[in-house]
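# What the coordinates show
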Amino acid sequence: MNTYVSGSIFIDTPWEPAPDTDLAAAIDAGGVACSYGIQEAEVGATILWAPADGTFDVRREQWKLDGQTAVDIPGADEAWVLQETIGEDNHVWTINMLVDGVWIQLNATFLQDLAEAQPLVDAAIAAVR
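Attention here is on the structure that accompanies the text. Just so it is clear, the model here is predicted, and its values are computed rather than measured.

### Section: the pairing of strand β3 (residues 43-51)
Of the pairings in the sheet, the one linking strand β2 (residues 32-38) to β3 comprises seven bridges and is antiparallel in character. Bridge assignment links Ala33 to a residue of β3, and that residue is Leu48. Where β2 hands over to β3, the hairpin turn is made up of four residues, of which Glu42 adopts a positive phi near 55°.

### Looking at the environment of His91
Checked against the element boundaries, His91 lands in strand β6 (residues 89-99). With relative accessibility at 12%, the residue His91 sits in the buried group. Measuring from C-alpha to C-alpha, the distance between His91 and Phe110 comes to 7.5 Å, with 19 residues separating the pair along the chain.

### Topic: helix α2 (residues 55-65)
Along an α-helix, a turn takes 3.6 residues, which lines up residues three or four apart on a common side. By the burial criterion, the buried members of α2 are Thr55, Phe56, Arg59, Arg60 and Trp63. Buried residues of α2, viewed axially, fall in a sector of 125°; they line one side. Exposed residues pointing more than 90 degrees away from the buried face of α2 are listed as Val58 and Leu65. The elements touched by buried residues of α2 are α1 (22-28), β3, β5 (78-86), β6 and β7 (102-108). One or two positions beyond α2, positive phi appears at Gly67, with a value near 95°.

### Describing the side chain of Arg60
Mapped onto the fold, Arg60 is located in helix α2. Among the polar contacts listed, one links the side chain of Arg60 to the side chain of Glu78, at a separation of 2.6 Å. When neighbours within four sequence positions are excluded, Arg60 is seen to be in contact with Glu78 and Trp80.

### Observations regarding unusual backbone geometry
Its identity as a non-glycine residue notwithstanding, Asp20 has a phi of 60°, on the positive side. By the secondary structure assignment, Asp20 is in the loop between β1 (9-11) and α1. Given a relative accessible area of 63%, Asp20 falls into the exposed group. Located in the positive-phi region is Asp100, a residue other than glycine, with phi close to 50°. With respect to the helices and strands, the residue Asp100 is situated in the loop between β6 and β7.

### Some words on the pairing of β2
Across three bridges, β1 lies against β2 in antiparallel orientation. Residue pairing across strands places Ile11 opposite Ser35, the latter belonging to β2.

The rules behind these values
- Residues numbered from 1 in each chain as written.
- Predicted model: local features only at pLDDT ≥ 70, side-chain atom pairs only at ≥ 80, totals over all residues.
- Heavy atoms only, no water.
- Pairing = 2+ DSSP bridges.
- Helix = DSSP H or I, 4+ residues; strand = E, 2+ residues; numbered from the N terminus.
- Buried < 20%, exposed > 50% of the residue type's maximum accessible area, 1.4 Å probe, protein only.
- Arc of directions from axis to C-beta.
- Contact = heavy atoms within 4.5 Å.
- Polar contact = N/O pair within 3.5 Å; in protein donor to acceptor, adjacent residues only side chain to side chain.

The following block contains the structure:
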């Protein structure tokens, strides 16, 4: 994380997810979520890992409704991304990946494109392999 946001640390977060959210689905499936960054500046990333069995399929339908698009990401069996382009500015908000039966979600406040996200994606994938 420090490659992206200098001074990043683990942010110990007492999760209280709202119902019918990705975070709630991941935790209910036995997953974990961790945040890293600079809490005071509200910049960083939250990454979750959860068993995919059924949960990934159900959430995929919501991601489609939310405007996420299917993309190819090296190392992932399937991937969906919520990205926004306003004029010349690009922002990747959320990446959802299916990797060897594990749902990995990466939420970030600083990623401009998938190429920039790849080292962080690789680290998240390495945690399950």
